[in-house]
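Notes for the structure review
What follows is each chain in one-letter form.
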Amino acid sequence: MDRPDDLRFKDSEPRIHPTAELKSCRLGRYAAIGERVVLREVSVGDFSYFERNAEAIYTEIGKFCSIAANTRINALEHPIERITQHKVSYRPNEYFRWLGVDADFRARRQAKKVCIGNDVWIGHGAVILPGISIGNGAVVGANAVVTKDIDAYEIVAGTPARALRRRFPVEISDRVEATAWWDWPIAKLADAIPDMQSLSIEAFLERWSGR
């Protein structure tokens, strides 16, 4: 059980760099938002962090995610079926009085939410297209363009992103999933970190599964 007087624990309030821009976002404990990050309608789980110059919109992000610099999550979509794909057709308010934001196009964008699981690493400069789901423990390589869903513990890279390999064999990743370690109380997590550092994945699971 977590003790409020446990001196191991630092302040759990999210850290937001003063140059970051957030609108209608929810941040979990220990979340960190770096320099010049721009987030719109994004939920960020406990311990997840964004490095500098990243952007995301209409996205749900799990716990313990590592999101590198210059990434784009739910990259902007344009209405290419219209006579113009320019934002003048869906954000005319930026140019004209008495013409508002196109609510239907905004709803279309909101409906294509990106969902990212727990312990996901998104590499430098990666782009995640609208409507994508990324499973727990996945890795997205630097500068990848993700155009389809990524399975849990899968490593992808390239443009468009393609599967390279899995982080662990299926039987191991299933055991990791069963621990749901990202939901452990913070005291248990702190106790487990030395073993995370020193034990093989098999030895760690043997020691901590079911505890």
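Details of the structure are given in the entry above.
A few points on the structure. (Residues numbered from 1 in each chain as written. Predicted model: local features only at pLDDT ≥ 70, side-chain atom pairs only at ≥ 80, totals over all residues. Heavy atoms only, no water.)

1. Things to note about the pairing of strand β7 (residues 55-61)
- Two strands pair when backbone bridges link them, and strand β5 (residues 38-44) and β7 are joined in this way by six bridges, in the parallel orientation. Bridge assignment links Arg40 to a residue of β7, and that residue is Ile57.
- Examined bridge by bridge, β7 and strand β9 (residues 72-73) share two bridges and lie parallel to one another. Looking at β9, one finds that Ala56 is bridged to Ile73. (Pairing = 2+ DSSP bridges. Helix = DSSP H or I, 4+ residues; strand = E, 2+ residues; numbered from the N terminus.)

2. Quick notes on the packing of aromatic side chains
- For the coordinates displayed, the defined rule picks out ten aromatic pairs.
- Here Tyr95 and Phe96 contribute two aromatic rings whose centre-to-centre distance is 6.5 Å and whose plane-to-plane angle is 55°, an arrangement assigned as tilted.
- In this structure an aromatic cluster arises from ring pairing among Tyr30, Phe47, Phe64, Trp181 and Trp182.
- Of note, Lys188 hangs over the ring of Trp184, and the distance from its end group to the ring centre comes to 4.2 Å. (Phe/Tyr/Trp six-rings, centres within 6.5 Å; stacked < 30°, edge-to-face > 60°. Lys NZ or Arg CZ within 6 Å of the ring centre and 35° of its normal.)

3. Some remarks on empty space enclosed by the protein
- All chains considered together, the criterion is met by one cavity of 30 Å³ or more.
- For the largest cavity, the full set of lining residues is Arg29, Asp46, Phe47, Lys63, Phe64, Trp181, Trp182, Trp184, Pro185, Ile186 and Leu189.
- A breakdown of the residues in the lining of the largest cavity according to their chemical character gives eight nonpolar, no polar and three charged. (1 Å grid on protein atoms, 1.4 Å probe; cavity = no way out; pocket = protein on both sides within 12 Å on 5 of 7 lines; lining within 4 Å. Points joined across faces, edges and corners; volume = space filled by probe spheres on them. Nonpolar A, V, L, I, M, F, W, Y, C, P; charged D, E, K, R; others polar.)

4. A word on the environment of Ile33
- With respect to the helices and strands, Ile33 occurs in strand β4 (residues 32-33).
- Sequence-distant contacts of Ile33, defined by excluding residues within four places in its chain, comprise Arg15, Ile16, His17, Ala20, Leu22, Leu27, Leu39 and Phe50. (Contact = heavy atoms within 4.5 Å.)

5. Describing the layout of surface pockets
- Roughly 660 Å³ of internal volume is contained in the largest pocket.
- Lining the largest pocket are 23 residues; nearest its centre among them are Arg40, Ile57, Tyr58, Leu76 and Arg91.
- Ranked by residues supplied to the lining of the largest pocket, first place goes to β7 with four residues.
- By residue class, the composition of the lining of the largest pocket is ten nonpolar, two polar and eleven charged.
- Quantified by volume, the second largest pocket comes out at close to 360 Å³.

6. Things to note about unusual backbone geometry
- Residues Thr159 and Pro160 are joined by a peptide bond in cis, for which omega reads -5°.
- Structurally, the position occupied by Pro160 is in the loop between β16 (154-157) and β17 (162-166).
- Of note in the backbone geometry, Asn70 takes a positive phi value of approximately 65° without being a glycine.
- Looking at the secondary structure, you find Asn70 in the loop between β8 (66-67) and β9.
- The exposure class of Asn70 is partly exposed, given its relative accessible area of 30%. (Buried < 20%, exposed > 50% of the residue type's maximum accessible area, 1.4 Å probe, protein only.)

7. Details of the packing of helix α3 (residues 186-198) against helix α4 (residues 201-208)
- Look at α3 against α4: their axes get within 10 Å of each other, and the N-to-C directions meet at 145°. The handedness of the crossing between α3 and α4 is right-handed. Residues Lys188, Asp191, Ala192, Asp195 and Met196 of α3 lie in contact with α4, whose contacting residues are Phe204, Arg207 and Trp208.
- Of the residues contributing to the contact of α3 with α4, the split by class is four nonpolar, no polar and four charged. (Axes fitted to C-alpha atoms, helices over the stretch in contact; angles between N-to-C directions. Left-handed = near helix turned anticlockwise from the far one by under 90°.)

In short, the description is geometric, and any link to function would need to be established separately.
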